[in-house]
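Given next are the chains, with one letter for each unit.
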Amino acid sequence: MLSTDTHSIDMPAFEIRPLSCSAEILSMLSELLVDVVAYGGSVGFMHPLSSEQAQAFWHNSLLAADLGARIVLGAFDEDTLAGTVTLLLDCPPNQPHRGEIAKLMTRRDYRGRGVASSLIRAVETLAVEHRRSLLVLDTAADEGASAFYEKLGYVRAGEIPDYALKPHGGLTGTIIFWKKV
Ligand SMILES: CC(C)(COP(=O)(O)OP(=O)(O)OC[C@H]1O[C@@H](n2cnc3c(N)ncnc32)[C@H](O)[C@@H]1OP(=O)(O)O)[C@@H](O)C(=O)NCCC(=O)NCCS
């Protein structure tokens, strides 16, 4: 277990831990990803996302984690995967101090309870442990999570227009954020 956290005094704590590949973890991650995309979450995929595509993505991601190229964290409420985030560590040789945050998502029925904030704080702790002093990320301009990242101290570097398609179609810009940790 990496850490537990409470959003406020009467909210439950979530157990945050790095994930490794198992049929159960793949199934939970895939179910979460398919649902997030279906409800408009801009996390790199188009709706409808099949369970097979989602499983293939997470399988490759967890293999990369086994090789040390990334860390995939899960936030658990007992046996339920409430959310996940990935810290990408595989940066070019001239950027050994940098990490990238990706694939942050919280189950819809767990939103607004501090799951994502706890995951980001855990990622920042891990980044420091891996001697990473600069974190970067991007989020969709339309219905993305800019305000969430700003609350956590991430600095908006700028917006690239028409960067990606939204899960149900139509272009959106992307906003780049950074933070020194
Ligand atoms: C963005 C997301 C991860 C937030 O998860 P969450 O667990 O609900 O977040 P938290 O409960 O930790 O929220 C912390 C704070 O940020 C706010 N917040 C959360 N999501 C927000 C958003 N999209 N926009 C603005 N504010 C947001 C919350 O209201 C809360 O504010 P408070 O501290 O004043 O109460 C979740 O909405 C999600 O999975 N969205 C779909 C996928 C996605 O867009 N991921 C981001 C890709 S870059």
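Structure shown above.
Along every chain, residues carry numbers that run from 1 in the direction the sequence is written. At least 70 in pLDDT is required for a residue's local features to be given in this predicted model, at least 80 for side-chain atom pairs to be given and counted, and no such filter applies to totals for whole chains, interfaces and linings, which use all residues. Only hydrogens and water are set aside; all other atoms, that is, all heavy atoms of the structure, feed into the side-chain values.

A. Geometry of the overall build of the protein. When helices and strands are tallied, the protein shows 4 helices and 8 strands. Put simply, DSSP marks the helices as runs of H or I at least four residues long and the strands as runs of E at least two long, and each gets a number from the N terminus on. Its helices and strands in sequence order give the protein the pattern β-β-α-α-β-β-β-α-β-α-β-β, from N to C terminus. Relative to the 2.2 N^0.38 estimate, which gives 16 Å for 181 residues, the radius of gyration of the protein is 16 Å and therefore close to what a compact globule would have. Seen along its three principal axes, the alpha-carbon backbone of the protein occupies a region of about 40 × 40 × 35 Å. For every residue, the accessible area (1.4 Å probe, protein chains only) is compared with the maximum for its type, and the residue is labelled buried under 20%, exposed over 50%, or partly exposed between those bounds. Put simply, the protein has 181 residues, and 43% of those count as buried. The contact definition used throughout considers only heavy atoms, calling two residues in contact when any of these lie within 4.5 Å. Counting only contacts in the protein whose residues sit at least 6 apart along the sequence, the fraction spanning at least 24 positions is 60%. For the protein, the exposed surface amounts to about 9,300 Å²; the carbon and sulfur share of it is 51%. Only C-alpha atoms enter the radius of gyration, while the globule expectation follows 2.2 Å times N to the 0.38, with N the number of residues. Note on areas: these come from Shrake-Rupley sampling with a 1.4 Å probe, and a residue is covered only by the protein chains present in the view.

B. Representation of the layout of surface pockets. Lining residues are those with an atom within 4 Å of a point, where the points come from a 1 Å grid over the protein atoms alone and group into cavities, where a 1.4 Å probe fits but cannot get out, or pockets, open sets with protein on both sides within 12 Å along at least five of seven lines. Grid points are joined across faces, edges and corners, and a volume is the space filled by probe spheres set on the points. Estimates place the volume of the largest pocket at around 1,100 Å³. Along its surface, the largest pocket is lined by 41 residues, and Ser42, Val43, Leu104, Thr139 and Ala145 are the ones closest to its centre. Residue assignment for the lining of the largest pocket shows that the elements contributing at least two residues are β5 (98–106), α3 (115–129), β6 (134–140), α4 (146–151), β7 (155–165) and β8 (171–180). Here the lining of the largest pocket gets 7 residues from one element, more than from any other, and that element is β5. Tallied by class, residues from the lining of the largest pocket come to 21 nonpolar, 14 polar and 6 charged. In this count, Pro and Cys sit with the nonpolar residues alongside Ala, Val, Leu, Ile, Met, Phe, Trp and Tyr, while Asp, Glu, Lys and Arg are called charged and the others, Gly among them, polar.

C. Focus on the side chain of Thr86. The residue Thr86 is located in strand β4 (residues 80–88) in this model. Residue Thr86 is classed as buried on the basis of its relative accessible area, which comes to 2%. When near neighbours in sequence (up to four residues on either side) are disregarded, Thr86 contacts Trp58, Arg70, Ile71, Val72, Glu100, Ile101, Ala102 and Lys103.

D. Spotlight on the nonpolar core. Residues Leu73, Val85, Leu87, Ile101, Leu119, Ile120 and Tyr154 are the most contacted members of the largest nonpolar core, which totals 27 residues. Of all elements in the fold, only β2 (14–18), β3 (70–77), β4, β5, α3, β6 and β8 reach the threshold of two or more residues within this core. If one sorts the elements of this core by residue count, α3 sits on top with 8 residues. Counting 20 residues, the second-largest nonpolar core is a separate cluster that includes Leu26, Met28, Leu32 and Val36. Throughout, nonpolar core names a set of buried Ala, Val, Leu, Ile, Met, Phe, Trp, Tyr and Cys residues whose side chains join them through atoms within 4.5 Å.

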